[in-house]
Amino acid sequence: MRVVPLGERFAAEVLDLDLTRPPTAAEHDAVVDAVDRYAVLVLRDQRISAEQQTAWLSGFGPLDSEVQRYFNRLAANRLGSDVVTDISNVDARSDVAARLDRQTIMNIGNAFWHSDGSHYHHPFRYSMLAAVAVPALGGETEFADLRAAHDRLDARTRGFLSARTGAFWSAYNRIRLGIIDPPQTHGLYPPVEWPLIRRHPGSGRDVLWVGQPLCQVSGLSVPEGRALASDLLEQATERENVHVHRWAAGDVVLWDNRSVLHRGRRFDLAHRRELRRVGTKDDVASLGVLDMPSRTDLNDGFPLRLRGAPEPLRT
Ligand code: OGA
Ligand code: MN
């Protein structure tokens, strides 16, 4: 296996790795090292089945099924799997989905900067996308390096943020999409609270933990926290901090959700865009409700504490 950097800062192409069979121990370790360092790994000309993709990634940790089971309740999909997510604008009959089809809207939701699972109590560690069909124009996936975003903060802001947590809320994204959830689903995914600066256990690097679902900052009023979140996200996603992946069918991209944000770019929804996603669950966080440990304890996984919805704004 060979690793060739794609940009000056992060992202690399992996050559001579066969994804059609589970990784050997040496391949496993080499991939973990590479993704710790480069955060985004690209493999080309991989025509793997959903089963091969699943089998390969399961060598890297328990696969997430909760998100997919949740999606399965919202929209019928063709794949019939609890672990493979249909990242496409294709409906259950295998036709290009209507613009207001749930399947289409869920994928438009991916156009806002996020880290998979940051707004659920069971975040993802790795996500692996395999491209089956892609439009000729648009539909790129972009990645922003949260480690560089941290390193570029001035010392004062870094100090300010290191003592604070942020609430990440799925409903905040859904409101943005114009989705009005029925009241019975409100308690399903309450906001999740994470430290805003975290240390990645593999690279030892600190990351600035932001994204579109960030809707409240501890110690600040809701409006002030949202203005800060917007500012931080803008800085983290400056173009020089972004790697753009232009898809070809057969491409596979593996990324570490602890190190990068990502988003899908717009494309003509009349054209078919079909990718499959499999993700591993991060540990610690999947244990459920925890008290926020001291800063030095944040070295593995994503400790968290759940609480109710952000306080309503009173005027
Ligand atoms: C994802 C995702 C973006 C894209 O699969 O988790 O956010 O470009 N995808 O489809
Ligand atoms: Mn995503």
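Okay, so let's go over this structure. (Residues numbered from 1 in each chain as written. Chains lettered and ligands numbered in written order. Predicted model: local features only at pLDDT ≥ 70, side-chain atom pairs only at ≥ 80, totals over all residues. Heavy atoms only, no water.)

## Comments concerning the sheet that holds strand β1 (residues 2–5)
Strand order in this open sheet of seven strands is β1-β2-β3-β13-β5-β15-β4, and the pairing throughout is mixed. The open sheet has two edge strands, β1 and β4 (85–88), and neither has a second partner. In this sheet, adjacent strand axes meet at a mean angle of 25° when their direction is disregarded. Bridge count for strand β5 (residues 124–133) against strand β13 (residues 252–256) is five bridges, and the pairing is antiparallel. Among the inter-strand pairings, Ser-127 is bridged to a residue of β13, identified as Trp-255. Here helix α2 (residues 50–57) sits on the sheet in contact with β5, β13 and β15 (274–281), set at roughly 25° to β15. Those strands touched by helix α3 (residues 66–74) are β4, β5 and β15, and its axis lies near 65° from that of β4. (Pairing = 2+ DSSP bridges. Helix = DSSP H or I, 4+ residues; strand = E, 2+ residues; numbered from the N terminus. Axes fitted to C-alpha atoms, helices over the stretch in contact; angles between N-to-C directions. Contact = heavy atoms within 4.5 Å.)

## Structural notes on the packing of aromatic side chains
The tally for this structure, following the rule as stated, stands at four aromatic pairs. With a centroid separation of 6.2 Å and an interplanar angle of 40°, the aromatic rings of Phe-168 and Trp-209 are classed as tilted. Of this pair, Phe-168 sits in strand β7 (residues 165–168) while Trp-209 sits in the loop between β10 (206–208) and β11 (214–217), and the two are 41 residues apart along the sequence. An aromatic cluster is built from Trp-56, Phe-60 and Tyr-126, whose rings are joined through pairwise contacts. The residue whose ring lies beneath Arg-176 is Tyr-172, and the NZ or CZ to ring-centre distance is 5.2 Å. (Phe/Tyr/Trp six-rings, centres within 6.5 Å; stacked < 30°, edge-to-face > 60°. Lys NZ or Arg CZ within 6 Å of the ring centre and 35° of its normal.)

## Re the site of ligand 1
All residues in the neighbourhood of ligand 1 are listed as Ile-87, Asn-110, His-114, Asp-116, Leu-129, Thr-141, His-262, Gly-264, Arg-273 and Arg-277. In this structure, an oxygen atom belonging to ligand 1 sits 3.1 Å away from a side-chain N or O atom of His-114. Within the side chain of Arg-277, an N or O atom sits 2.7 Å from an oxygen atom of ligand 1. When its residues are assigned to classes, the shell around ligand 1 shows two nonpolar, five polar and three charged. (Near = heavy atom within 4 Å. Polar contact = N/O pair within 3.5 Å; in protein donor to acceptor, adjacent residues only side chain to side chain. Nonpolar A, V, L, I, M, F, W, Y, C, P; charged D, E, K, R; others polar.)

## Structural notes on α2
All buried positions along α2 are accounted for by Ala-50, Gln-53, Thr-54, Trp-56 and Leu-57. Down the axis of α2, the buried set is contained in an arc of 165°. They therefore lie on one face. The inward-facing, buried residues of α2 contact α1 (25–38), β5, β13 and β15. (Buried < 20%, exposed > 50% of the residue type's maximum accessible area, 1.4 Å probe, protein only. Arc of directions from axis to C-beta.)

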